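Geometric and topological summary
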Amino acid sequence: EAQVTQNPRYLITVTGKKLTVTCSQNMNHEYMSWYRQDPGLGLRQIYYSMNVEVTDKGDVPEGYKVSRKEKRNFPLILESPSPNQTSLYFCASSPTARTDTQYFGPGTRLTVL
Amino acid sequence: SQKIEQNSEALNIQEGKTATLTCNYTNYSPAYLQWYRQDPGRGPVFLLLIRENEKEKRKERLKVTFDTTLKQSLFHITASQPADSATYLCALLTGGGNKLTFGTGTQLKVEL
(Lines give C-alpha, C1' and ligand atoms only; values in the text may rest on other atoms or scores of the structure.)
Protein backbone atom coordinates (compact mmCIF):
# COMPACT_ATOMS: atom_id res chain seq x y z
CA GLU A 1 0.00 0.00 0.00
CA ALA A 2 1.32 3.43 -0.98
CA GLN A 3 1.74 5.45 2.18
CA VAL A 4 3.66 7.92 4.29
CA THR A 5 4.44 6.70 7.78
CA GLN A 6 5.52 8.72 10.80
CA ASN A 7 6.83 7.62 14.15
CA PRO A 8 6.05 8.13 16.90
CA ARG A 9 2.41 9.12 16.61
CA TYR A 10 2.37 10.65 20.06
CA LEU A 11 5.26 11.97 22.11
CA ILE A 12 5.50 13.80 25.41
CA THR A 13 8.96 15.05 26.28
CA VAL A 14 10.73 17.68 28.35
CA THR A 15 12.46 20.88 27.36
CA GLY A 16 15.94 20.37 25.97
CA LYS A 17 15.79 16.62 25.37
CA LYS A 18 16.76 15.94 21.77
CA LEU A 19 14.24 14.00 19.73
CA THR A 20 13.73 12.72 16.21
CA VAL A 21 10.46 12.15 14.40
CA THR A 22 10.87 9.74 11.53
CA CYS A 23 9.08 9.93 8.18
CA SER A 24 9.19 7.31 5.47
CA GLN A 25 7.43 6.97 2.11
CA ASN A 26 7.26 3.92 -0.14
CA MET A 27 6.26 5.67 -3.37
CA ASN A 28 9.72 6.66 -4.63
CA HIS A 29 8.73 10.31 -4.36
CA GLU A 30 11.36 12.99 -4.89
CA TYR A 31 9.76 15.71 -2.79
CA MET A 32 9.22 15.48 0.96
CA SER A 33 8.16 18.09 3.43
CA TRP A 34 7.43 18.71 7.10
CA TYR A 35 4.58 20.85 8.39
CA ARG A 36 3.35 21.84 11.79
CA GLN A 37 -0.30 22.58 12.46
CA ASP A 38 -1.45 24.88 15.24
CA PRO A 39 -4.96 26.16 16.03
CA GLY A 40 -5.66 29.42 14.22
CA LEU A 41 -2.40 29.27 12.28
CA GLY A 42 -3.07 26.35 10.00
CA LEU A 43 -0.41 24.23 8.35
CA ARG A 44 2.99 25.87 8.15
CA GLN A 45 5.93 24.39 6.31
CA ILE A 46 9.07 23.74 8.34
CA TYR A 47 11.49 22.25 5.80
CA TYR A 48 11.24 20.60 2.44
CA SER A 49 13.48 18.44 0.28
CA MET A 50 13.45 18.29 -3.50
CA ASN A 51 15.59 15.15 -3.56
CA VAL A 52 18.35 13.28 -1.76
CA GLU A 53 20.82 15.66 -0.11
CA VAL A 54 18.73 18.68 -1.21
CA THR A 55 16.85 20.44 1.59
CA ASP A 56 15.59 23.97 2.10
CA LYS A 57 13.86 26.03 4.74
CA GLY A 58 10.15 26.53 4.78
CA ASP A 59 8.31 29.25 6.64
CA VAL A 60 9.11 28.22 10.24
CA PRO A 61 12.48 26.40 10.30
CA GLU A 62 13.85 27.79 13.58
CA GLY A 63 14.58 25.09 16.13
CA TYR A 64 14.39 22.22 13.63
CA LYS A 65 16.83 20.24 11.50
CA VAL A 66 16.26 17.74 8.74
CA SER A 67 18.33 15.42 6.62
CA ARG A 68 17.68 13.49 3.42
CA LYS A 69 20.28 10.79 3.07
CA GLU A 70 17.93 8.33 1.38
CA LYS A 71 15.03 9.01 -0.93
CA ARG A 72 12.45 7.31 1.26
CA ASN A 73 13.33 8.88 4.62
CA PHE A 74 13.11 12.46 5.86
CA PRO A 75 13.56 12.69 9.64
CA LEU A 76 12.75 15.83 11.61
CA ILE A 77 15.17 16.59 14.43
CA LEU A 78 14.54 18.85 17.39
CA GLU A 79 17.94 19.35 19.00
CA SER A 80 16.64 21.21 22.05
CA PRO A 81 12.85 21.17 22.10
CA SER A 82 10.96 24.00 23.75
CA PRO A 83 7.30 24.30 24.80
CA ASN A 84 6.51 26.48 21.77
CA GLN A 85 7.26 23.45 19.60
CA THR A 86 4.27 21.65 21.06
CA SER A 87 2.21 21.00 17.96
CA LEU A 88 0.80 18.47 15.51
CA TYR A 89 3.41 17.57 12.90
CA PHE A 90 2.78 16.19 9.44
CA CYS A 91 5.18 14.75 6.92
CA ALA A 92 4.17 14.78 3.25
CA SER A 93 5.58 13.56 -0.03
CA SER A 94 4.87 14.00 -3.72
CA PRO A 95 6.51 12.87 -6.96
CA THR A 96 7.70 16.46 -7.47
CA ALA A 97 6.67 19.77 -5.88
CA ARG A 98 4.69 20.61 -8.99
CA THR A 99 2.73 17.40 -9.01
CA ASP A 100 -0.98 16.96 -8.49
CA THR A 101 -0.93 15.47 -5.07
CA GLN A 102 0.82 15.70 -1.75
CA TYR A 103 0.42 12.58 0.33
CA PHE A 104 0.34 13.27 4.04
CA GLY A 105 1.32 11.03 6.90
CA PRO A 106 -0.98 10.40 9.87
CA GLY A 107 0.62 13.07 12.05
CA THR A 108 2.72 13.18 15.22
CA ARG A 109 1.32 14.95 18.23
CA LEU A 110 4.24 16.37 20.20
CA THR A 111 4.01 17.88 23.67
CA VAL A 112 7.07 19.59 25.15
CA LEU A 113 6.80 20.23 28.89
CA SER B 1 2.38 40.93 3.11
CA GLN B 2 1.35 37.60 1.66
CA LYS B 3 -1.90 36.14 2.90
CA ILE B 4 -4.19 33.24 2.18
CA GLU B 5 -7.61 33.71 3.73
CA GLN B 6 -10.33 31.18 4.26
CA ASN B 7 -13.46 31.82 6.26
CA SER B 8 -12.54 30.86 9.81
CA GLU B 9 -16.19 30.50 10.84
CA ALA B 10 -17.73 27.11 10.39
CA LEU B 11 -20.14 26.70 7.52
CA ASN B 12 -23.32 24.82 8.44
CA ILE B 13 -25.59 23.64 5.65
CA GLN B 14 -28.42 21.18 5.17
CA GLU B 15 -27.96 17.86 3.49
CA GLY B 16 -28.60 18.06 -0.23
CA LYS B 17 -27.63 21.73 -0.56
CA THR B 18 -24.52 23.05 -2.27
CA ALA B 19 -21.67 24.11 -0.02
CA THR B 20 -19.44 26.93 -1.28
CA LEU B 21 -16.12 27.64 0.38
CA THR B 22 -13.88 30.59 -0.42
CA CYS B 23 -10.12 30.99 -0.64
CA ASN B 24 -8.73 34.50 -1.15
CA TYR B 25 -5.07 35.36 -1.48
CA THR B 26 -2.96 38.50 -1.69
CA ASN B 27 0.55 39.14 -2.96
CA TYR B 28 0.93 35.71 -4.50
CA SER B 29 1.13 34.68 -8.13
CA PRO B 30 0.50 30.97 -7.78
CA ALA B 31 1.07 28.56 -10.59
CA TYR B 32 -1.70 26.45 -9.18
CA LEU B 33 -4.07 26.06 -6.28
CA GLN B 34 -5.08 22.86 -4.49
CA TRP B 35 -7.90 21.90 -2.19
CA TYR B 36 -7.55 19.34 0.58
CA ARG B 37 -9.91 17.73 3.05
CA GLN B 38 -8.86 17.16 6.65
CA ASP B 39 -10.71 15.11 9.24
CA PRO B 40 -9.99 15.63 12.96
CA GLY B 41 -6.64 14.19 14.02
CA ARG B 42 -5.73 13.05 10.52
CA GLY B 43 -3.52 14.27 7.71
CA PRO B 44 -4.98 16.33 4.84
CA VAL B 45 -6.17 14.42 1.79
CA PHE B 46 -5.81 15.89 -1.69
CA LEU B 47 -9.05 16.61 -3.55
CA LEU B 48 -8.48 18.84 -6.57
CA LEU B 49 -5.85 20.94 -8.30
CA ILE B 50 -6.53 23.87 -10.63
CA ARG B 51 -3.87 25.63 -12.67
CA GLU B 52 -3.56 29.37 -13.28
CA ASN B 53 -4.75 29.03 -16.88
CA GLU B 54 -7.85 27.02 -15.91
CA LYS B 55 -11.11 28.63 -14.89
CA GLU B 56 -12.92 25.58 -13.55
CA LYS B 57 -12.28 21.96 -12.61
CA ARG B 58 -14.74 19.25 -11.68
CA LYS B 59 -14.55 15.87 -10.00
CA GLU B 60 -17.76 14.05 -9.21
CA ARG B 61 -19.70 16.32 -6.81
CA LEU B 62 -16.79 18.74 -6.43
CA LYS B 63 -16.14 21.87 -8.46
CA VAL B 64 -13.33 24.40 -8.12
CA THR B 65 -13.05 27.78 -9.80
CA PHE B 66 -9.95 29.95 -9.97
CA ASP B 67 -10.06 33.67 -10.74
CA THR B 68 -6.52 35.07 -10.88
CA THR B 69 -7.84 38.60 -11.39
CA LEU B 70 -9.93 38.49 -8.21
CA LYS B 71 -7.25 36.32 -6.55
CA GLN B 72 -9.91 33.93 -5.41
CA SER B 73 -10.86 30.28 -5.63
CA LEU B 74 -14.29 28.88 -4.86
CA PHE B 75 -14.82 25.27 -3.85
CA HIS B 76 -18.29 23.80 -4.31
CA ILE B 77 -19.72 20.51 -3.03
CA THR B 78 -23.06 19.77 -4.64
CA ALA B 79 -25.71 17.49 -3.09
CA SER B 80 -23.81 17.65 0.18
CA GLN B 81 -23.93 14.76 2.63
CA PRO B 82 -23.14 14.47 6.35
CA ALA B 83 -20.02 12.50 5.33
CA ASP B 84 -18.73 15.69 3.67
CA SER B 85 -18.36 17.28 7.11
CA ALA B 86 -14.68 18.11 7.55
CA THR B 87 -12.23 20.99 7.35
CA TYR B 88 -11.28 22.05 3.84
CA LEU B 89 -7.91 23.65 3.14
CA CYS B 90 -6.72 25.55 0.12
CA ALA B 91 -3.05 25.65 -0.77
CA LEU B 92 -1.02 27.67 -3.26
CA LEU B 93 2.19 26.67 -5.00
CA THR B 94 4.62 29.41 -3.98
CA GLY B 95 8.31 30.00 -3.37
CA GLY B 96 9.27 29.78 -7.02
CA GLY B 97 7.41 26.54 -7.43
CA ASN B 98 8.90 24.59 -4.57
CA LYS B 99 6.48 25.15 -1.72
CA LEU B 100 2.84 24.69 -0.89
CA THR B 101 1.44 27.39 1.39
CA PHE B 102 -1.82 26.55 3.12
CA GLY B 103 -4.79 28.57 4.28
CA THR B 104 -6.12 27.98 7.78
CA GLY B 105 -9.11 26.04 6.52
CA THR B 106 -12.88 26.24 6.77
CA GLN B 107 -14.89 23.74 8.79
CA LEU B 108 -17.95 22.44 6.98
CA LYS B 109 -20.84 20.78 8.84
CA VAL B 110 -23.56 19.13 6.82
CA GLU B 111 -26.68 18.54 8.88
CA LEU B 112 -29.51 16.11 8.26
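So, here's what we can say about the structure.

Definitions and cut-offs
- Residues numbered from 1 in each chain as written.
- Chains lettered and ligands numbered in written order.
- Predicted model: local features only at pLDDT ≥ 70, side-chain atom pairs only at ≥ 80, totals over all residues.
- Heavy atoms only, no water.
- Pairing = 2+ DSSP bridges.
- Helix = DSSP H or I, 4+ residues; strand = E, 2+ residues; numbered from the N terminus.
- Polar contact = N/O pair within 3.5 Å; in protein donor to acceptor, adjacent residues only side chain to side chain.
- Contact = heavy atoms within 4.5 Å.
- Disulfide = S-S within 2.5 Å.
- Buried < 20%, exposed > 50% of the residue type's maximum accessible area, 1.4 Å probe, protein only.
- Axes fitted to C-alpha atoms, helices over the stretch in contact; angles between N-to-C directions.
- Core = buried A, V, L, I, M, F, W, Y, C linked by side-chain atoms within 4.5 Å.
- Salt bridge = Lys/Arg side-chain N within 4 Å of Asp/Glu carboxyl O.

**Observations concerning the sheet that holds strand S3 (residues 19-25) of chain A**
Residues and elements named next belong to chain A. Here 4 strands make up an open sheet; going across it, the order is S1-S3-S8-S7 and the pairing antiparallel. Single-partner strands in this sheet number two, and they are strand S1 (4-7) and strand S7 (65-66). Here S3 runs beside strand S8 (residues 76-78); their pairing, made up of 3 bridges, is antiparallel. Considered in S8, the bridge of Val21 is made with Leu76.

**What about the side chain of Gln45(A)?**
By the secondary structure assignment, Gln45(A) is in strand S5 (residues 42-51). Engagement of the side chain of Gln45(A) in a polar contact is seen with the side chain of Ser33(A), the distance being 2.7 Å. What Gln45(A) contacts, discounting residues up to four positions off in sequence, is Tyr31(A), Ser33(A), Trp34(A), Tyr35(A), Gly58(A), Asp59(A), Val60(A), Lys99(B) and Leu100(B).

**A word on the state of the cysteines**
Residue and element names in this part refer to chain A. Counted under the stated rule, the structure contains 2 disulfides over all chains. Bridging Cys23 to Cys91, the disulfide has an S-S length of 1.8 Å. Of note, the bridge from Cys23 to Cys91 carries an S-S torsion of about -70° and is left-handed in sense. Taken together, the residues Cys23 in strand S3 and Cys91 in strand S9 (residues 87-94) connect sequence positions 68 residues apart. The same class applies to Cys23 and to Cys91, which are both buried.

**Looking at the sheet that holds strand S1 (residues 3-6) of chain B**
Residues and elements named next belong to chain B. Spatially, S1-S3-S8-S7-S6 is the arrangement adopted by the 5 strands of the open sheet, whose pairing is antiparallel. The sheet terminates laterally at S1 and strand S6 (56-59), the two strands that pair on one side only. In this sheet, adjacent strand axes meet at a mean angle of 15° when their direction is disregarded.

**Describing the nonpolar core**
In a soluble, globular protein the nonpolar side chains are often hidden away together inside. Within the largest apolar cluster, 23 residues are counted, with the highest numbers of intra-cluster contacts made by Ile4(B), Leu33(B), Trp35(B), Phe75(B), Ile77(B), Tyr88(B) and Leu108(B). Taken together, the elements giving at least two residues each to this core come down to strand S3 (19-26), strand S4 (32-38), strand S5 (45-51), strand S7 (62-67), strand S8 (72-77), strand S9 (86-94) and strand S11 (106-111) of chain B.

**A short note on the pattern of salt bridges**
Taken as a whole and judged by the stated rule, the model has 10 salt bridges over all chains. Two residues, Arg36(A) and Asp38(A), come together in a salt bridge whose shortest N-O distance is 2.8 Å. Relative accessible area serves as the criterion here: at 9%, Arg36(A) is assigned to the buried category. Notably, a salt bridge pairs Arg58(B) with Glu56(B), separated by 2.9 Å at the nearest N-O pair. One continuous salt-bridge network, built from bridges that share partners, spans Lys18(A), Lys65(A) and Glu79(A).

**Section: the pairing of S9(B)**
All names here are of chain B. For S9, the tally of buried residues reaches 8 of 9 residues, placing the bulk of the element in the interior. Across 6 bridges, the pairing between S4 and S9 is antiparallel. Paired with Arg37 across the strands is Tyr88, a residue of S9. With 3 bridges joining them, S9 and S11 adopt antiparallel strand pairing. Bridge pairing in S11 places Thr87 opposite Gln107.

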